[in-house]
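Given next are the chains, with one letter for each unit.
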Amino acid sequence: QVQLVESGGGLVRGGGSLRLSCTASASIFAVMGWYRQTPGKQREMVASITVTGASIYSDRVKCRFAISMDNAKNTVYLQMNSLKPAATAAYSCLGPPPPGPFWGPGTQVTVSS
């Protein structure tokens, strides 16, 4: 079974930056994405990227977040800049069908005022 593991979350001050990482146990996904969810709210797509480098961003994070992929390491990154308290959420990595969906366990990001 393919496993995804996220890292890089934590507590940061408003305006600060974090870089999240998601590493897959195998290089089998043509597309990978970052999602986030806050209790009481629907999970939303933050950004996604293909193995060719094409990317898509939520309008809520455009110009502040950047997604990238290191194919050799089976790793996807999410650079998060100019963080706002509204960005506080559990961030999860997704490997979609085919062959998934496979989700990582998530990493918590908390942005203080």
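Everything that follows concerns the structure shown earlier in this document.
About the criteria used
Residues numbered from 1 in each chain as written. Predicted model: local features only at pLDDT ≥ 70, side-chain atom pairs only at ≥ 80, totals over all residues. Heavy atoms only, no water. Phe/Tyr/Trp six-rings, centres within 6.5 Å; stacked < 30°, edge-to-face > 60°. Helix = DSSP H or I, 4+ residues; strand = E, 2+ residues; numbered from the N terminus. Buried < 20%, exposed > 50% of the residue type's maximum accessible area, 1.4 Å probe, protein only. Salt bridge = Lys/Arg side-chain N within 4 Å of Asp/Glu carboxyl O. Disulfide = S-S within 2.5 Å. Contact = heavy atoms within 4.5 Å.

(A) Inspection of the packing of aromatic side chains at higher detail. Inspection of every chain in the model, using the stated rule, returns two aromatic pairs. On the basis of an interplanar angle of 65 degrees and a centroid distance of 6.2 Å, the ring pair of Phe29 and Phe102 is categorised as edge-to-face. Of this pair, Phe29 sits in the loop between β3 (18–24) and β4 (31–37) while Phe102 sits in strand β10 (residues 102–103), and the two are 73 residues apart along the sequence. Taken as a pair, Phe29 and Phe102 share a single burial class, namely buried. Residues Tyr35 and Trp103 carry aromatic rings whose centres are separated by 5.1 Å and whose planes lie at 75 degrees to one another, so their mutual orientation is edge-to-face. Remark: Trp103 occurs in strand β10 and Tyr35 occurs in strand β4; sequence separation between them is 68 residues.

(B) Summary view of the pattern of salt bridges. Taken as a whole and judged by the stated rule, the model has three salt bridges. Of the charged contacts, one joins Arg36 and Glu44 as a salt bridge, the two residues approaching to 2.7 Å between their closest N and O atoms. In this structure, the salt-bridge partner of Asp59 is Lys62, at a minimum N-O distance of 3.1 Å. Three or more residues are tied together by salt bridges with common partners; here these are Arg36, Glu44 and Arg60.

(C) Examining the state of the cysteines more closely. The full count for this structure, using the stated rule, is one disulfide. One disulfide in the model links Cys22 with Cys93; its S-S distance is 2.1 Å. Here the S-S torsion is close to -85 degrees, and the disulfide linking Cys22 with Cys93 is therefore left-handed. In this pair, Cys22 is assigned in strand β3 and Cys93 in strand β9 (residues 89–95), connecting sequence segments 71 residues apart. The pair formed by Cys22 and Cys93 is uniform in burial state, with each residue classed as buried.

(D) How the structure looks around the environment of Leu11. With respect to the helices and strands, the residue Leu11 is situated in strand β2 (residues 10–13). Not counting residues within four places of it along the chain, the set of residues in contact with Leu11 comprises Thr110 and Ser112.

(E) Geometry of unusual backbone geometry. The omega angle of the peptide bond from Pro97 to Pro98 is -25 degrees, so this bond is cis rather than trans. Examined against the element boundaries, Pro98 turns out to sit in the loop between β9 and β10. Put simply, Pro98 and Pro99 share a cis peptide bond, and its omega is 5 degrees. Locating Pro99 in the fold gives a position in the loop between β9 and β10. The backbone of Cys63 sits at a positive phi, close to 75 degrees, despite the residue not being glycine. Locating Cys63 in the fold gives a position in the loop between β6 (55–57) and β7 (65–70). At Asn74, a position not held by glycine, the phi torsion is positive, near 55 degrees.

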